[in-house]
Amino acid sequence: MRSALALLLVLAAPAAAPALALAQGDPWAVRPDPVARGQQLLKLLDEAPESEEGLRALIGGVGLARALELAATRSARERSWQAHFVEGRLWTARARHERAEASFQLALGAGAKAPKLLGWIGEELVRAGRVPRAEAFLRKWLPRRNDDAIALGLAVRIALSRRDAAGALKAQKRLCELQPGNVQVRIVHARLLRERGAVDEAAKEFEAALKLFAPSGTTKAEKEPERDTALECQILLEHGALLELLERFDEAIKHYRRGLALTAKGRWAHRELESRILKSFERRGAFAELEQEARAMLKADAKSALALKVLAERAAKTSKPGDAIGYYARYLKLAPTDHTARGELLFLLSRAGRYREAVEHARELWLRHASQPRYLLEYGTTLAAAREKAQAIRVLRDGIARFQKDADGLQLLASGLDGLEDSEGVKLAFTALCKLEGAEKEHTRAWGSYLWGKGKHADAMKLWAKLLGASPGRLDYERWVEVILEENVLRERSFRSTLLEEVKRGLGRYPGHSGLVSLARQLGL
């Protein structure tokens, strides 16, 4: 076929020498006959009618219009499936799809012994954007041509695009029967079975695919075929996962160990296989085997981050904080961006009273999450626990400017500064809160409640007075009455006159205000 295509391309190339001779006035130059050349190109296409290069050579050699004319004459004369098929392809190139499909129908009728014809026609229609028509052709002809592997593969793809899992599985099963030695075909079949919930059958299909990687019947003199280890590892991973679903854990681990022997340390596949082994033990509660496996991995590779993390987690869960701290510290040197693990280490160090070491990790978490105030608060409180109170206050105060537009962040910082007994810092945080647009009164009220709880009643009353202002509205009085009742201000008799005065002013503006009327009754008005 290659020699025929090469000759076809040569014939299609422009005749440079005769053209040059004509330009120079050579009397012996003969202009090539395009009809004869087109007929010869069509005859060569009989050997590879699906060839893209051949079709381009034909169109480039004689032009699409002449090629169509010659192909139509030839197909009418010979009535072979090759002639009809090539004519259909030319009509497709001309975007005359109805004519193309008519030629394809004739080709299928004449090509009973052409095993790949239906698949080629389907692919032509798909390339032309005629997917529904390709589907119609397959629906009509595939029952009579179910040995066409190309058509079956196309049917699978179209069915999947239509989300027709049953149709895809049916076509793929037949394709698997036709090509039992094709690993990719078996993998797709197994995956389709898995998606349909047929886990047992899918596992058997993956097992059959794996057997194709173990050549048998070869002698020592024969060279063993090269194995696609990446594909084999992928099958081992997928098959192992199915075996675990079937609770065949020992078989799954054997698969994973087989994959480890095929992969290099440090590669993704190797790490994934190790992870699967450890998770398999953990999933079934075999914690002694889990720790034993992790220690074996660590012995084989002292920089196994996966083994270190597993051992750290197991030590933390089995009340061995010293071991857990050691494993986590080693693990974080290998995986410094694992913030969850760093948080666990910070917790363990703090619980053990090792605050000086904890500060380093709290600071690292804050630097890596600089947009989240809770990490700044944790850093500050850890500093304070390490007897670095002045630095802790300075760190939290610096955060007020950073989070000056973040209400939640400012509230967290106010809480942290209050815990450090920094009243001036708390004031700075609440001052920033009260500057937030649209929430001034809400935070003013909260600031007043904080001061009231600290026993600074006069300062709190001054802040709550700001809720009313010079010209308070009905809603302002509702908020004011609510906070007065909520904080039990009535119990403080020293503020009775202040309350009476404000209630009278409010009732003068809003005589029927229910909150003010209720408060007035409680004051004895």
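As shown above, the structure is provided for reference.
Here's a quick rundown of the structure. Note that the structure is a prediction, hence the values are computed from the model and not measured.

### Looking at helix α20 (residues 339-351)
Helical geometry: 3.6 residues make up each α-helical turn, so side chains three or four residues apart lie on a common side. Between its terminal C-alpha atoms α20 stretches 18 Å, which fits the 18 Å expected from 13 residues at 1.5 Å a residue. Every buried residue of α20 is listed here: Ala 341, Arg 342, Leu 345, Leu 346, Leu 348 and Leu 349. Down the axis of α20, the smallest arc covering the buried residues is 165°, so these residues share one side. Among the exposed residues of α20, those oriented more than 90 degrees off its buried face are Thr 340 and Arg 351. Capping the start of α20 is the job of one residue whose side-chain oxygen sits 3.3 Å from the backbone nitrogen of Thr 340: Asp 338. Immediately beyond the C-terminal end of α20, within one or two residues, lies Gly 353, with a positive phi of roughly 75°.

### Overview of the nonpolar core
Soluble globular proteins: nonpolar side chains tend toward being buried together. Formed by 86 residues in total, the largest nonpolar core has its most connected members in Leu 376, Tyr 379, Met 461, Trp 464, Trp 480, Ile 484 and Val 489. Contact partners of Leu 376, with chain neighbours within four places excluded, come to Trp 366, Val 395, Leu 396, Gly 399, Phe 403 and Leu 413.

### Brief notes about the pattern of salt bridges
Within this structure, the stated rule accounts for 35 salt bridges. Among the salt bridges present, the one from Arg 89 reaches Glu 52, with a minimum N-O distance of 3.1 Å. In this pair, Arg 89 sits in helix α6 (residues 81-93) while Glu 52 sits in helix α4 (residues 52-62), placing the two residues 37 residues apart along the sequence. Of the charged contacts in the structure, one is a salt bridge between Arg 257 and Glu 293, with a shortest N-O distance of 2.8 Å. A residue pair is termed long-range when its members are at least 10 positions apart, and Arg 257 in helix α15 (residues 249-262) and Glu 293 in helix α17 (residues 287-300) qualify at 36 residues. Accessibility expressed as a relative area gives 37% for Arg 257, which makes it partly exposed.

### A closer look at unusual backbone geometry
Even without being glycine, Ser 319 reaches a positive phi, approximately 55°. Mapped onto the elements of the fold, Ser 319 is located in the loop between α18 (305-317) and α19 (321-334). With phi around 65°, Arg 387 is a residue other than glycine that occupies positive phi space. Along the chain, Arg 387 turns up in the loop between α22 (373-385) and α23 (389-402).

### Some thoughts on the packing of α19 against α20
Geometry of a packed helix pair, given as the angle between the helix axes and the separation of the axes. The geometry of α19 relative to α20 is characterised by a closest axis approach of 10 Å and an angle of 145° between their N-to-C directions. Between α19 and α20 lies a crossing of left-handed hand. Each of Ala 324, Ile 325, Tyr 328, Ala 329, Tyr 331 and Leu 332 in α19 lies in contact with α20, whose residues at this interface are Ala 341, Arg 342, Glu 344, Leu 345, Leu 348 and Leu 349. Classifying every residue of the contact of α19 with α20 gives 10 nonpolar, no polar and 2 charged.

### Quick word on the side chain of Glu 244
Residue position: Glu 244 is located in helix α14 (residues 229-245). Owing to a relative accessible area of 9%, Glu 244 belongs among the buried residues under this scheme.

### Observations regarding the environment of Phe 347
Relative to the assigned elements, Phe 347 resides in helix α20. Taking C-alpha positions, Phe 347 is 66 Å from Glu 52, a pair spaced 295 residues apart along the chain.

### Observations concerning the environment of Ala 190
Relative to the elements of secondary structure, Ala 190 occurs in helix α12 (residues 183-195). With relative accessibility at 0%, the residue Ala 190 sits in the buried group. Separated by 133 residues in sequence, Ala 190 and Ala 57 place their C-alpha atoms 41 Å apart. For Ala 190, the contacting residues outside a window of four places in its chain are Ala 202, Glu 205 and Phe 206.

### What about the layout of surface pockets?
Size it by volume and the largest pocket reaches roughly 440 Å³. In terms of lining residues, the largest pocket is bounded by 16 residues, among which Leu 138, Leu 142, Ala 155, Gly 167 and Ala 171 are the most central. Those elements that provide at least two residues to the lining of the largest pocket are α9 (131-141), α10 (149-161) and α11 (165-178). Across the lining of the largest pocket, the residue classes break down as 8 nonpolar, 2 polar and 6 charged. For the second largest pocket, the calculated volume is near 350 Å³. Going through the elements one at a time, α15, α16 (268-283), α17 and α18 are the ones with two or more residues in the lining of the second largest pocket. Residues belonging to the lining of the second largest pocket are distributed by class as follows: 6 nonpolar, 4 polar and 7 charged.

Conventions we followed
Residues numbered from 1 in each chain as written. Predicted model: local features only at pLDDT ≥ 70, side-chain atom pairs only at ≥ 80, totals over all residues. Heavy atoms only, no water. Helix = DSSP H or I, 4+ residues; strand = E, 2+ residues; numbered from the N terminus. Expected span 1.5 Å × (residues − 1). Buried < 20%, exposed > 50% of the residue type's maximum accessible area, 1.4 Å probe, protein only. Arc of directions from axis to C-beta. Polar contact = N/O pair within 3.5 Å; in protein donor to acceptor, adjacent residues only side chain to side chain. Core = buried A, V, L, I, M, F, W, Y, C linked by side-chain atoms within 4.5 Å. Contact = heavy atoms within 4.5 Å. Salt bridge = Lys/Arg side-chain N within 4 Å of Asp/Glu carboxyl O. Axes fitted to C-alpha atoms, helices over the stretch in contact; angles between N-to-C directions. Left-handed = near helix turned anticlockwise from the far one by under 90°. Nonpolar A, V, L, I, M, F, W, Y, C, P; charged D, E, K, R; others polar. 1 Å grid on protein atoms, 1.4 Å probe; cavity = no way out; pocket = protein on both sides within 12 Å on 5 of 7 lines; lining within 4 Å. Points joined across faces, edges and corners; volume = space filled by probe spheres on them.

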